[in-house]
Amino acid sequence: MSELTTAQVLVEALPYIRRFAGRTVVVKYGGNALAGTSDHDALALFAEDIVLMHTVGIRPVVVHGGGPQINEMLARLNIESSFSNGLRVTDAATMEVVQMVLNGQVNPQIVSAINTHGNVAVGLSGEDGRTLQVTPRDPSLGFVGDIEKVRPHVIEGLLHDGFVPVLSTVGVDSHGQPYNVNADTAAGAIAEALGAEKIIYLTDIAGLRSNIDDASSLIQRITVNELSALIENGTVSGGMIPKVESCMQAVRGGVKSAHILDGRIAHVLLLELFTDQGAGTMITGGVS
Ligand code: ARG
């Protein structure tokens, strides 16, 4: 890169650095991003981005699940799952593994990656401070919870003290029973409860496409209304729907923008936040 280009990159970034200073940005980090072997590098790059964001005054909050890691541990422990309508039933033994893996394995892994670049990350689960209060979804699915209420106080306290909260999405019901919660939905609800500037989903797709088979058809910007039209006409479908709906719900709930990014792109968070063009799909309210 020439010196001039380097300078241009910095000039492009500066207004965003100024605009986002002091703002809360929730980042959903996928279990898929952590799963494979080569992904330790991906985690290190992610950690660098989070620390850089923090250094320029942004208040990042990391929210994570860990589906692949839970499946792997269930297999290692020979715990067989039953399924109801294709969905895994979270019985008591499975829930123990969910807690063990999310709170004992995935969460500290992310915390420690961030803390090798700056001692700012603090891990917690949705049970701490009853941050994620849930109600059971459907008794036949066992301990799968839907978010009833987010209590953002512990996260806010950590942010106020300059820490980066890293939250695992284990929720709790009114009796203190832990539940597994969908991490995409939880991340959106947390962003809403925090009055966040942005919710960012790191996924293993390149963002939303207007033609699913055409990589050049990436939708760079879209409004919630335009997006619901794309769901209705089937352009956005399948596994993307829950994520997209969490985005739309967060934006309708006051989060300024939701972003769907490809977590496999190195430093994708910095590219999205600090360039004009960004690197994925940005969803906003109002007109685009
Ligand atoms: N950096 C700006 C922001 O984060 C613009 C990002 C544009 N991104 C996009 N996918 N069109 O608000």
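Reading the values: rules and limits
- Residues numbered from 1 in each chain as written.
- Predicted model: local features only at pLDDT ≥ 70, side-chain atom pairs only at ≥ 80, totals over all residues.
- Heavy atoms only, no water.
- Helix = DSSP H or I, 4+ residues; strand = E, 2+ residues; numbered from the N terminus.
- Buried < 20%, exposed > 50% of the residue type's maximum accessible area, 1.4 Å probe, protein only.
- Near = heavy atom within 4 Å.
- Polar contact = N/O pair within 3.5 Å; in protein donor to acceptor, adjacent residues only side chain to side chain.
- Areas by Shrake-Rupley, 256 points an atom, 1.4 Å probe, with all protein chains shown as cover.
- Nonpolar A, V, L, I, M, F, W, Y, C, P; charged D, E, K, R; others polar.
- Pairing = 2+ DSSP bridges.

Trainee: Residue-level account of the environment of P139, with values.
Mentor: Within the element layout of this structure, P139 appears in the loop between β6 (132-136) and β7 (144-150). Looking at P139, the relative accessible area reads 76%, which means it is exposed.

Trainee: Account for the site of the ligand, with residues named and values stated.
Mentor: With respect to spatial proximity, 14 residues lie near the ligand, and among them K198, E272, L273, T275 and G280 are the closest. Residue E272 places a main-chain N or O atom 2.8 Å away from a nitrogen atom belonging to the ligand. One of the backbone N or O atoms of G280 is found 2.7 Å from a nitrogen atom in the ligand. Here the ligand loses 97% of its free accessible area of 340 Å² to cover by the protein chains. Only α1 (3-20) and α10 (268-274) provide two or more residues apiece to the shell around the ligand. Among the residues making up the shell around the ligand, the classes are represented as four nonpolar, six polar and four charged.

Trainee: Talk me through the pairing of strand β11 (residues 198-203); I want residue IDs and the actual numbers.
Mentor: In terms of residue burial, β11 counts as a mostly covered element, since six of its six residues are buried. Here β11 shows a buried face lined by K198, I200 and L202 and a second buried face lined by I199, Y201 and T203. Bridge analysis of strand β1 (residues 24-29) against β11 gives five bridges, and the strand direction is parallel. Paired with K28 across the strands is Y201, a residue of β11. As paired elements, β11 and strand β13 (residues 257-262) share six bridges and run parallel to each other. The residue bridging K198 from the neighbouring strand is S257, located in β13.

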